[in-house]
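# Topology and contacts: notes
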Amino acid sequence: ESDYAIAVTGIAGPDGGTEELPVGSVWIAVSGPRGTDAKFHRFSTHRERNILMASQSALNMLRRILISD
């Protein structure tokens, strides 16, 4: 019975990247009563930094949706 959901997927690294989708490629989606917003990000090649940036970006997307409602 959630009103909002956040989904994150991508390649944090240090391995797994390709030329088409290098390490640091991340999709973030936030879904709520008004629909779903998804954005592609390309962060660094450093795993811990990518995880931190993805989580901060996801929460910021949710924050922006909440303050616009």
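Refer to the structure above for everything that follows.
All of the points below concern the structure found in this document. (Residues numbered from 1 in each chain as written. Predicted model: local features only at pLDDT ≥ 70, side-chain atom pairs only at ≥ 80, totals over all residues. Heavy atoms only, no water.)

The next thing to look at is the environment of Phe-43. Note that Phe-43 resides in the loop between β3 (35-42) and α1 (47-68). For Phe-43, a relative accessible area of 18% gives the class buried. Along the chain, Phe-43 and Met-53 lie ten residues apart, while their C-alpha atoms are 7.4 Å from each other. With residues near it in sequence (within four places) discarded, Phe-43 still touches Val-23, Gly-24, Val-26, Asn-50, Met-53, Ala-54 and Ser-57. (Helix = DSSP H or I, 4+ residues; strand = E, 2+ residues; numbered from the N terminus. Buried < 20%, exposed > 50% of the residue type's maximum accessible area, 1.4 Å probe, protein only. Contact = heavy atoms within 4.5 Å.)

Glancing now at the sheet that holds β3. Read from one edge to the other, the open sheet built from three strands follows the order β1-β2-β3, with strand pairing classed as antiparallel. Only two strands of the sheet have a single partner each, and these edge strands are β1 (5-10) and β3. Direction aside, the axes of adjacent strands within the sheet are offset by 15° on average. Pairing geometry for β1 and strand β2 (residues 25-32), over six bridges, is antiparallel. Directly across from Ile-6, in β2, lies its bridge partner Val-30. (Pairing = 2+ DSSP bridges. Axes fitted to C-alpha atoms, helices over the stretch in contact; angles between N-to-C directions.)

Turning next to unusual backbone geometry. Along the chain, Gly-13 connects to Pro-14 via a cis peptide bond; the corresponding omega equals 5°. With respect to the secondary-structure elements, Pro-14 resides in the loop between β1 and β2.

One recurring pattern in soluble globular proteins: nonpolar side chains tend to sit buried together. One finds Val-26, Ile-28, Val-30, Phe-43, Ala-54, Ala-58, Met-61 and Leu-62 forming the largest nonpolar core, which totals eight residues. Those elements that place two or more of their residues in this core are β2 and α1. With four residues, the single largest contributor to this core is α1. Sequence-distant contacts of Leu-62, defined by excluding residues within four places in its chain, comprise Tyr-4, Ile-6 and Val-30. (Core = buried A, V, L, I, M, F, W, Y, C linked by side-chain atoms within 4.5 Å.)

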